[in-house]
Amino acid sequence: DQQVKQNSPSLSVQEGRISILNCDYTNSMFDYFLWYKKYPAEGPTFLISISSIKDKNEDGRFTVFLNKSAKHLSLHIVPSQPGDSAVYFCAASPFGRQLTFGSGTQLTVLP
Amino acid sequence: GAGVSQSPRYKVAKRGQDVALRCDPISGHVSLFWYQQALGQGPEFLTYFQNEAQLDKSGLPSDRFFAERPEGSVSTLKIQRTQQEDSAVYLCASSQIGLAGDYEQYFGPGTRLTVT
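The structure displayed is predicted, hence computed values, not measured ones. (Residues numbered from 1 in each chain as written. Chains lettered and ligands numbered in written order. Predicted model: local features only at pLDDT ≥ 70, side-chain atom pairs only at ≥ 80, totals over all residues. Heavy atoms only, no water.)

S.K.: Which parts of the structure should I look at to understand the sheet that holds strand S6 (residues 56–59) of chain A?
M.R.: Two pairing modes exist for strands in a sheet, parallel and antiparallel, and in both the strands are linked by backbone hydrogen bonds. All names here are of chain A. Ordered in space as S1-S3-S8-S7-S6, the 5 strands form an open sheet in which the pairing is antiparallel. The open sheet is flanked by strand S1 (4–5) and S6, the only strands paired with a single partner. Across 2 bridges, the pairing between S1 and strand S3 (residues 19–25) is antiparallel. Note on S3: the bridge partner recorded for Lys5 is Asp24. (Pairing = 2+ DSSP bridges. Helix = DSSP H or I, 4+ residues; strand = E, 2+ residues; numbered from the N terminus.)

What follows is the structure, given as structure tokens:
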């Protein structure tokens, strides 16, 4: 039973355009959501987070949107850069406890 | 400041051997988590410490897996009598509980365990 799902294993975007990565969850106890970026042979790097009391959080080129009624979150990267090419994981947590991860989306930004 | 560090970065063990994986969390971080990541998958939770107390070990796959954090800082994950299915990347993460309820976990580089 996958509680956090990333249905797109890969995404290709042209440099300068918007990248939109999507994530769905099923557990209503999740109240904190995070996006991580991962390069090969490295641990996941924290990007941005959002708590369930908000529906949007921005940090520079990165914006996370949360739709609680649909149990859906998305990460927007604008503008996309070649250095953004990596695997992106969404993760969810109940009350600061362990993270439940999706299976990841490989983003490729084409120059 | 220093991030989360893990050692060794790579470990090859023969089936049946015991291994010990070390995690040094970010200084002052109260919470410490261990995750297991199989190839092509997201990390999966193993166990969680708050200071020296192991509050949740529900993700440990068998009683061959054991974790400790005796002084509330460094943690060790031990796997006894390793099996081929134990081959994975083992990730450690630490966090502090922010006043605003922010719970970002910061990950180390992982230990890649290969059991032959």
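S.K.: What's the story with the interface of chain B and chain A in this structure? I'm lost.
M.R.: By a widespread convention, an interface's size corresponds to the accessible area lost as its parts come together. Each partner contributes residues to the interface: chain B has 23 residues there, and chain A has 19 residues. When chain B packs against chain A, the two sides together hide about 1600 Å² of surface, and 59% of this comes from carbon and sulfur. At the junction of chain B with chain A, the criterion picks out 0 salt bridges. Taken together, the connections running from chain B to chain A amount to 6 residue pairs in polar contact (both at pLDDT 80 or more). Looking at the side of chain B that touches chain A, the elements with two or more residues in it are strand S4 (31–37), strand S5 (44–50), strand S6 (53–56) and strand S10 (106–107) of chain B. Broken down by element, the side of chain B that touches chain A gets its largest block of residues, 3 residues, from S4 of chain B. In terms of residue class, the side of chain B that touches chain A is made up of 12 nonpolar, 7 polar and 4 charged. (Contact = heavy atoms within 4.5 Å. Buried area = accessible area lost by both parts, 1.4 Å probe. Salt bridge = Lys/Arg side-chain N within 4 Å of Asp/Glu carboxyl O. Polar contact = N/O pair within 3.5 Å; in protein donor to acceptor, adjacent residues only side chain to side chain. Nonpolar A, V, L, I, M, F, W, Y, C, P; charged D, E, K, R; others polar.)

S.K.: Quick question: what am I supposed to make of unusual backbone geometry here?
M.R.: Of all residues except glycine, most have a negative phi; of all peptide bonds, most are trans. Cis geometry marks the peptide bond from Val78 of chain A to Pro79 of chain A; its omega dihedral reads -10°. The omega torsion of the bond from Ser7 of chain B to Pro8 of chain B falls at -10°, within 30 degrees of zero and hence cis. Along the polypeptide, Pro8 of chain B turns up in the loop between strand S1 (5–7) and strand S2 (10–13). Unlike most non-glycine residues, Lys71 of chain A shows phi in positive territory, near 50°. With respect to the element layout, Lys71 of chain A can be found in the loop between strand S7 (62–67) and strand S8 (72–77).

S.K.: Would you take a moment to explain the pairing of strand S9 (residues 88–95) of chain B for this structure?
M.R.: Two faces, one strand: in a regular strand the side chains alternate between the faces of the sheet. All names here are of chain B. Counting buried positions along S9 yields 8 of 8 residues, so the element is predominantly enclosed. Burial along S9 is two-sided: Ala88, Tyr90, Cys92 and Ser94 and Val89, Leu91, Ala93 and Ser95, pointing in opposite directions, are all buried. Pairing between S4 and S9: 7 bridges, direction antiparallel. Of the residues in S9, the one forming a bridge with Gln37 is Val89. For S9 and strand S11 (residues 111–115), the ladder comprises 3 bridges, and the chain directions are antiparallel. The partner of Ala88 across the bridge, within S11, is Leu113. Pairing between S9 and S10: 2 bridges, direction antiparallel. Within S10, the position partnered with Ala93 by the bridge is Phe107. (Buried < 20%, exposed > 50% of the residue type's maximum accessible area, 1.4 Å probe, protein only.)

Note that all results are geometric; they support no functional claim without further evidence.
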